[in-house]
Amino acid sequence: MSSILSDFSSEVGHLIIMSILKEGGRELQDIRAKLWELSDGNFHLENGKLSPFLYLMEQKGWIESWWDSNTSMGGERTKRFHLTSSGKLRLKEMLTSWNQLTSIMKKFDNQPSKVISD
């Protein structure tokens, strides 16, 4: 299945992933599942596609990661991610821009259609 997310810019991907992480620390599979759930199955990132988003956001200082021992899963270590203070600020800026853009797009959508004739 192709992903709608792959059709958008990485900025939109960052916005969506950071919105998921604002709820607190999450592991990779949890981020992927939440993305699927909140988008009603429209956003899906295959294995290997989510990590580059997370890596870039970590390099920019927007998120941090750590290894967590999960005793409920037989002691397996999982990598968890959360938003930093800088990431929360960046998310707020991105959401403001996104809301402005959607407001503008709604104005275009509400324009009456004109039929052009010769």
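Throughout what follows, the structure given in this document is the object of discussion. Keep in mind the model is a prediction, meaning the values are calculated, not measured.

In this section: the packing of helix 2 (residues 28–38) against helix 3 (residues 50–59). In contact at an axis separation of 11 Å, helix 2 and helix 3 are set at 110° when each is read in the N-to-C sense. Considering their axes alone, helix 2 and helix 3 lie roughly perpendicular with respect to each other. Residues Leu28, Ile31 and Arg32 of helix 2 form the contact with helix 3, whose own contacting residues are Leu50, Ser51 and Leu54. Split by residue class, the contact of helix 2 with helix 3 holds four nonpolar, one polar and one charged.

The next thing to look at is the nonpolar core. Ranked by size, the top nonpolar core spans 21 residues in total, and within it Ile17, Met18, Leu21, Ile31, Leu54, Met57 and Ile63 carry the most contacts. Listing elements by their share of this core, those giving two or more residues are helix 1 (10–21), helix 2, helix 3, strand 3 (76–83) and helix 4 (85–109). Here this core takes seven residues from helix 1, the largest share from any one element. Apart from the residues within four sequence positions on either side, isoleucine 63 is in contact with Leu21, Leu54, Met57, Glu58, Phe81, His82, Leu83 and Thr84.

Attention now goes to the layout of surface pockets. In this structure, the largest pocket spans a volume of roughly 190 Å³. Taken together, Glu27, Leu28, Gln29, Ser51, Leu54, Tyr55, Glu58, Thr78, Lys79 and Phe81 make up the full set of residues lining the largest pocket. Elements represented by at least two residues in the lining of the largest pocket include exactly helix 2, helix 3 and strand 3. If one sorts the elements of the lining of the largest pocket by residue count, helix 3 sits on top with four residues. When grouped by side-chain class, the residues that make up the lining of the largest pocket number four nonpolar, three polar and three charged.

Attention now moves to a nonpolar patch on the surface. On the surface, Trp98, Leu101, Ile104, Met105 and Phe108 cluster together to form a nonpolar patch covering roughly 510 Å² of accessible area. Take tryptophan 98: it is sitting in helix 4.

Thresholds applied
Residues numbered from 1 in each chain as written. Predicted model: local features only at pLDDT ≥ 70, side-chain atom pairs only at ≥ 80, totals over all residues. Heavy atoms only, no water. Axes fitted to C-alpha atoms, helices over the stretch in contact; angles between N-to-C directions. Helix = DSSP H or I, 4+ residues; strand = E, 2+ residues; numbered from the N terminus. Parallel < 35°, antiparallel > 145°, perpendicular 65-115°, else oblique. Contact = heavy atoms within 4.5 Å. Nonpolar A, V, L, I, M, F, W, Y, C, P; charged D, E, K, R; others polar. Core = buried A, V, L, I, M, F, W, Y, C linked by side-chain atoms within 4.5 Å. Buried < 20%, exposed > 50% of the residue type's maximum accessible area, 1.4 Å probe, protein only. 1 Å grid on protein atoms, 1.4 Å probe; cavity = no way out; pocket = protein on both sides within 12 Å on 5 of 7 lines; lining within 4 Å. Points joined across faces, edges and corners; volume = space filled by probe spheres on them. Patch = residues over 30% accessible without salt bridge, like charges linked within 9 Å, V, L, I, M, F, W, Y side chains within 5 Å. Areas by Shrake-Rupley, 256 points an atom, 1.4 Å probe, with all protein chains shown as cover. Salt bridge = Lys/Arg side-chain N within 4 Å of Asp/Glu carboxyl O.

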